[in-house]
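Chain by chain, the residues run as shown.
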Amino acid sequence: MDKSTIATVHPDMPARRYPGPQGKRPRKALSGRNIMLYGALGLAALYYLLPLYVMVVTSLKGMPEIRVGNIFSPPLEITFEPWVKAWAQACTGLNCDGLSRGFWNSVKIMVPSVIVSIAIASVNGYALANWRFKGADLFFTILIVGAFIPYQVMIYPIVIVLRELGLYGTLTGLIVVHSIFGMPILTLLFRNYFVSLPEELFKAARIDGAGFWQIYFRIMLPMALPIFVVAMILQVTGIWNDFLFGVVFTRPENYPMTVQLNNIVNSVQGVKEYNVNMAATLLTGAVPLFVYFVSGRLFVRGIAAGAVKG
Amino acid sequence: MHDNLSSRSRTSVSIRELSLSFGAVTVLENLNLDIYDGEFLVLLGSSGCGKSTLLNCIAGLLEPTEGQIIIKDRNVTWEEPKDRGIGMVFQSYALYPQMTVEKNLSFGLRVARVPRDEIDRRVKRAAAILQIEPLLKRKPAELSGGQRQRVAIGRALVRDVDVFLFDEPLSNLDAKLRSELRVEIKRLHQSLQNTMIYVTHDQIEALTLADRIAIMKSGVIQQLDDPITIYNRPRNRFVAGFIGSPSMNFLSGELAEAGGEVVFRTADTQFSLAGYDHAQPLIPGRKVVLGLRPEHIKVDRDVVGGEVHEAIVDIEEPMGADNLLWLKYAGQTMSVRIGGERRYRVGSRVKLGFDMTMASIFDGETEERL
């Protein structure tokens, strides 16, 4: 073939390609870069998973096996007795019905707190974003400043306020406290979300005659599902993991799970039951973990798609 | 056109001494505007001129600092948007994403607790007018841009309003759809005979749709007239330069006296103003700007009688139906529109004739039309 025709296509021949790469780009699975990358990631993961591993294996061992002292070895004989004991029999103070009491206390604290705080904060955020009332910016600034004041500073005044209200030591009091402390960050979250929605949707709803609550419930709420999930995750984990407010604002019979866990683990009488302690700790941490795994995928969804030019 | 307007002199929307400022920034200043019943009024201006702000004030979405808004003889200055008898169409369509087209259309009626069968009847009628019946069960995300804007128009339609407000409704659409929907909006206006107030920055939309155009700049209406008057007799230099594409040619010079008549004179040229229909006296010595639209300059064979000037072709832009010549004349660049079949070589000499009956002369200082 003539050299000058090398790039031309003959009708009776398959299209001739230029020399060089064709098809998929070749990739080396074990390139130096990949080994470094996955090696580093693997090491970091191992480092963080090791304590969890120790906790799990310890919680499945009997006390004689633990006394041998080999904390990394898997259990020779798997037993679920520590878990049962942690849940139903471990003693704190006078009660010997295990963590289950704290679990249900925590549920009783968390569920209303999450609902109340999110309900109020979402309306706050909606009002701040769409109904620019006089002094809205000032109100918002004050609210945000609240997020930066250390909790410890406010504990004593709140104790006094709750006492005067007759709520000190009650579950209601703790729920009020949790709702108040969740307010700055949740309001910020909701406000920013509602600000990001197209303003014209709000205007259109007003032209259509919808009022404050109708726009909130029929237009904004259905579009705010992703941010509600985010707020719920934040509040569930935050309130479940709370120790300080739980120990300060409730009485022993209402102690949340975290406080009870502390009391089990830190009890000074008798033998330290490491396996029970580990099981109790894992049980306490299970709820936030569960919430993360279940709702993580709901996180970001293009709910607002179609409202504006796509 | 003028007879038509005077015959329907009933005022639909009246804006009296309206001002609006955000803090120190004044967006609208002492604005007066009467819109007739059934009129299609276009608010035209570049971004930031206050046209959308004015529309939002009429809609009741913004509270004016001063002034009053009267719709159908009712002072609605402090009324809620829903009580003003207006429907509004937005640039971004603003359809409720979680609702089907049908629910989008009926939302306002459901809020107002209109009976079920009445809602159905009105939704059906609007869907038929806009030809969106097959889309009623779909969600906005499943619609194209043109379909979405149709639904948005339908939302105003079902509410049986006196006044339609359009806030740049076609700006998010591509060019082809835009011209299609433009015609549809015009047809809609012809069949409904509603008052429509339409905000745009697109002069083609303004010229094609409007009964009257209000050209705005910095919160002030520069000129309020029918499109042909705006085009041919712009009241000031801003209006003259804003309307028309390519823009009007401007020559700076002064008025002078020569041979018993007033002429226009620059450093490089001088010509007669015979035929110019002036509204104010042309006083020699005055600094002026002379404006000529590209199609009002005659070239070569079209030049019949009058003074003949000469220019050199700098650039040729054939546009199919038209051919646009950029000429060098008297030290300036001028654009001239001729028929698409007439072609010129760059650098060739052409003869020019200026049609003074179609010219505009503006005062050099006030920029007002003389």
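Bear in mind the structure is a predicted one, so any value in this text is a computation, not a measurement.

Student: How would you sum up the environment of Ile215 of chain A? Please name residues and give values.
Tutor: Residue and element names in this part refer to chain A. Topologically, Ile215 is positioned in helix H9 (residues 212-223). Distance in space between the C-alpha atoms of Ile215 and Gln235 is 25 Å, their sequence separation being 20 residues. Discounting chain neighbours no more than four positions away, the residues touching Ile215 are Tyr126, Trp131, Phe202, Ala205, Arg206, Ala210 and Met220.

Student: Now, about the interface of chain A and chain B: what can you tell me, with residues and values included?
Tutor: When the parts come together, some accessible area is lost, and that loss is often what is quoted as the size of the interface. Across the contact, 23 residues belong to chain A and 30 residues belong to chain B. When chain A packs against chain B, the two sides together hide about 2300 Å² of surface, and 57% of this comes from carbon and sulfur. For the interface between chain A and chain B, the tally reads two salt bridges. Residue Arg206 of chain A is joined to Glu80 of chain B by a salt bridge in which the shortest nitrogen-to-oxygen separation is 3.3 Å. The tally of links between chain A and chain B comes to nine residue pairs in polar contact (both at pLDDT 80 or more). Contributing elements (two or more residues each) for the side of chain A that touches chain B: helix H8 (199-207) and H9 of chain A. When residues of the side of chain A that touches chain B are assigned to their parent elements, the largest contribution, seven residues, is made by H8 of chain A. Partitioned by chemical class, the residues of the side of chain A that touches chain B number 13 nonpolar, four polar and six charged.

Student: For the packing of helix H5 (residues 145-157) of chain B against helix H6 (residues 175-192) of chain B, give the residues involved together with the corresponding values.
Tutor: All names here are of chain B. Put simply, H5 and H6 touch, their axes get as near as 11 Å, and they point 20 degrees apart. Classified by the interaxial angle, the pair formed by H5 and H6 is roughly parallel. Seen along the crossing, H5 lies across H6 with a hand that is right-handed. Residues Gly146, Gln149, Arg150, Ile153 and Leu157 of H5 pack against Leu177, Leu181, Glu184, Ile185, Leu188 and Leu192 of H6. Taken together, the residues of the contact of H5 with H6 break down into seven nonpolar, two polar and two charged.

Student: With reference to specific residues and values, describe the domain arrangement of chain B.
Tutor: All names here are of chain B. Segmentation of chain B into domains returns domain 1 (2-242) and domain 2 (249-363). Taken together, the 10 residues of domain 1 in the interface contact nine residues of domain 2. With both chains or domains summed, domain 1 and domain 2 bury close to 830 Å², and 48% of this area falls on carbon and sulfur atoms. For the pair domain 1 and domain 2, the interface holds one salt bridge. Its salt-bridge partner being Arg233, residue Asp277 comes within 3.5 Å of it at the nearest N-O pair. At the surface where domain 1 touches domain 2, the tally comes to three residue pairs in polar contact (both at pLDDT 80 or more).

Each value, and the rule that gives it
- Per chain, residue numbering runs from 1 following the sequence as it is written.
- For naming, the first written chain is A and the first written ligand is 1, with later ones following in the order written.
- Confidence filtering applies because this is a predicted model: local features only for residues at pLDDT of at least 70, side-chain atom pairs given and counted only at 80 or more, and all residues used for totals across whole chains, interfaces and linings.
- For side-chain calculations, the full set of non-hydrogen atoms in the structure is used, while hydrogens and water are omitted.
- Only runs of H or I of at least four residues qualify as helices and only runs of E of at least two qualify as strands under DSSP, and these elements are numbered from the N terminus.
- Any pair of residues with heavy atoms lying within 4.5 Å of one another is described as a contacting pair.
- Values labelled buried area give the accessible surface lost by two parts on being combined, using a 1.4 Å probe and summing over both.
- Any carboxyl oxygen of Asp or Glu within 4 Å of a side-chain nitrogen of Lys or Arg constitutes a salt bridge here.
- Polar contact criterion, stated in full: a pair of N or O atoms within 3.5 Å, where within protein one must be able to donate a hydrogen and the other to accept it, and residues adjacent in sequence count only if both atoms are side-chain atoms.
- Charged residues are taken to be Asp, Glu, Lys and Arg, nonpolar residues to be Ala, Val, Leu, Ile, Met, Phe, Trp, Tyr, Cys and Pro, and polar residues to be all remaining types, Gly included.
- To obtain each axis, a line is fitted to C-alpha atoms, and for helices this fit is confined to the stretch in contact; angles are then taken between N-to-C directions over 0 to 180 degrees.
- Roughly parallel covers angles under 35 degrees, roughly antiparallel covers those over 145, roughly perpendicular covers 65 to 115, and oblique covers all other angles.
- Rotating anticlockwise by less than a right angle from the far helix to the near helix defines a left-handed crossing, while the corresponding clockwise rotation defines a right-handed one.
- As used throughout, domain bounds are those supplied by an automatic or database domain assignment.

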